[in-house]
Amino acid sequence: MANVLDLGLLKDFSFLFGYLLIFVVVYGLLQITDLFKNRGINALVAIAVTVLIATTTGSMNVITNLTPWFVIAGFFIVFLLVLTNSLATLSRNFPCLQL
């Protein structure tokens, strides 16, 4: 019986998540660096790099295995940033709590 927490179906789409991750990272880097100064060319280059990386099975296996760890690390970093921001605000509002 399938339920909301059954994530077995996501294993069938893991390769798609790898493609999407590579595309988003390459496209984001091209947008930040403003290398080609055209969003269409950035997207085309990102698709080409995604296809080149995705055709090698070893790189896709590495990306598929490391993606969950990067997601967990990203959540941990965001949690730490929110925690430090809230502590800074708390110590600013209550001077007796300053370290």
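Above this text you will find the structure in question.
Residues numbered from 1 in each chain as written. Predicted model: local features only at pLDDT ≥ 70, side-chain atom pairs only at ≥ 80, totals over all residues. Heavy atoms only, no water.

Trainee: Would you mind showing me how to read helix 2 (residues 39-54) here?
Mentor: Along an α-helix, residues three or four apart share an orientation, since each turn contains 3.6 residues. Relative to the 22 Å expected for 16 residues at 1.5 Å per residue, helix 2 spans 22 Å between its end C-alpha atoms, a close match to the ideal helical length. Taken residue by residue, helix 2 has N42, A43, A46, T50 and A54 as its buried positions. The arc that holds the buried residues of helix 2, viewed along the axis, is 95°, so those residues lie on one side. Turned more than 90 degrees away from the buried face of helix 2 sit L44 and L52, all of them exposed. Of the residues that open helix 2, the one with a side-chain oxygen 3.2 Å from the backbone nitrogen of G40 is N38. (Helix = DSSP H or I, 4+ residues; strand = E, 2+ residues; numbered from the N terminus. Expected span 1.5 Å × (residues − 1). Buried < 20%, exposed > 50% of the residue type's maximum accessible area, 1.4 Å probe, protein only. Arc of directions from axis to C-beta. Polar contact = N/O pair within 3.5 Å; in protein donor to acceptor, adjacent residues only side chain to side chain.)

Trainee: When you look at the packing of aromatic side chains in this model, what are you seeing that I'm missing?
Mentor: Each aromatic ring pair is summarised here by two numbers: the centre-to-centre distance and the angle between the ring planes. For the structure on display, the rule yields one aromatic pair. With 5.8 Å between their ring centres and 10° between their planes, F23 and Y27 make a pair best called stacked. Of the two residues, F23 and Y27 both sit in helix 1 (residues 14-33), four residues apart, roughly one turn of that helix. (Phe/Tyr/Trp six-rings, centres within 6.5 Å; stacked < 30°, edge-to-face > 60°.)

Trainee: Any chance you could explain a nonpolar patch on the surface here in plain terms?
Mentor: There is a patch of nonpolar side chains on the surface, built from F13, F15, L16, F17 and Y19 and spanning about 470 Å² of accessible area. Positionally, F17 belongs in helix 1. The partly exposed category is assigned to F17, whose relative accessible area is 44%. (Patch = residues over 30% accessible without salt bridge, like charges linked within 9 Å, V, L, I, M, F, W, Y side chains within 5 Å. Areas by Shrake-Rupley, 256 points an atom, 1.4 Å probe, with all protein chains shown as cover. Salt bridge = Lys/Arg side-chain N within 4 Å of Asp/Glu carboxyl O.)

Trainee: In this structure, what is going on with the nonpolar core? I would like to understand it.
Mentor: As a rule of thumb, nonpolar side chains are buried together in soluble globular proteins. With seven residues, the main nonpolar core is built from I22, V26, L30, A46, A54, M60 and I63. The set of elements that each furnish at least two residues to this core consists of helix 1, helix 2 and helix 3 (57-93). Examining the composition of this core, we find that three residues originate from one element, helix 1, more than from any other. With residues up to four places along the chain from it excluded, the contact list for I63 reads G18, L21, I22 and I53. (Core = buried A, V, L, I, M, F, W, Y, C linked by side-chain atoms within 4.5 Å. Contact = heavy atoms within 4.5 Å.)

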